[in-house]
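# Topology and contacts: notes
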Amino acid sequence: MVMKEFDIDKAYTTYSNLDKLQRKMVIDRLNAEGINVSAIRCYVYKEAPGIKHIFFRFKENKEDVPYFSLNKEQLSKIQEIIKQIAG
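Residues numbered from 1 in each chain as written. Predicted model: local features only at pLDDT ≥ 70, side-chain atom pairs only at ≥ 80, totals over all residues. Heavy atoms only, no water.

The strand order S1-S2-S3 describes an open sheet built from three strands, whose pairing is antiparallel. Each of the sheet's edge strands pairs with one partner strand only, and the pair in question is strand S1 (37-45) and strand S3 (64-66). Averaged over neighbouring strand pairs, the angle between their axes works out to 30° when direction is ignored. In this sheet, strand S2 (residues 48-58) lies alongside S1 in antiparallel orientation, the contact comprising eight bridges. Bridging from a neighbouring strand, Tyr-45 pairs with Ala-48 of S2. In the packing of helix H1 (residues 8-16) onto the sheet, the strands contacted are S1 and S2, and the crossing angle to S2 comes to about 70°. (Pairing = 2+ DSSP bridges. Helix = DSSP H or I, 4+ residues; strand = E, 2+ residues; numbered from the N terminus. Axes fitted to C-alpha atoms, helices over the stretch in contact; angles between N-to-C directions. Contact = heavy atoms within 4.5 Å.)

Right, let's get into the environment of Tyr-12. Mapping Tyr-12 onto the fold places it in helix H1. Its relative accessible area of 14% is what places Tyr-12 among the buried residues. Considered as a pair, Tyr-12 and Tyr-45 are 33 residues apart in the sequence and their alpha carbons are 13 Å apart. Setting aside chain neighbours within four positions, we find Tyr-12 in contact with Cys-42, Tyr-43, Val-44, Lys-52, His-53 and Ile-54. (Buried < 20%, exposed > 50% of the residue type's maximum accessible area, 1.4 Å probe, protein only.)

In structure tokens form, the structure reads like this:
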């Protein structure tokens, strides 16, 4: 698999535009790929609207993990799945 550089703006915008069913499909696919996510949350700071974040809640962790704490392989898989689900 060729890993692409994670594009936070594209991933944020694409995921934010998914409907509830599509978001569930993303989480289900990530779990099937071994990335055990229970929730994904997109966030923009009101003070700095150009700064976008995606937080992941992992099943084994009670705290949200920012996207930049994940490894390149996870980010590549997440971006690929979001893109596939969005069509």
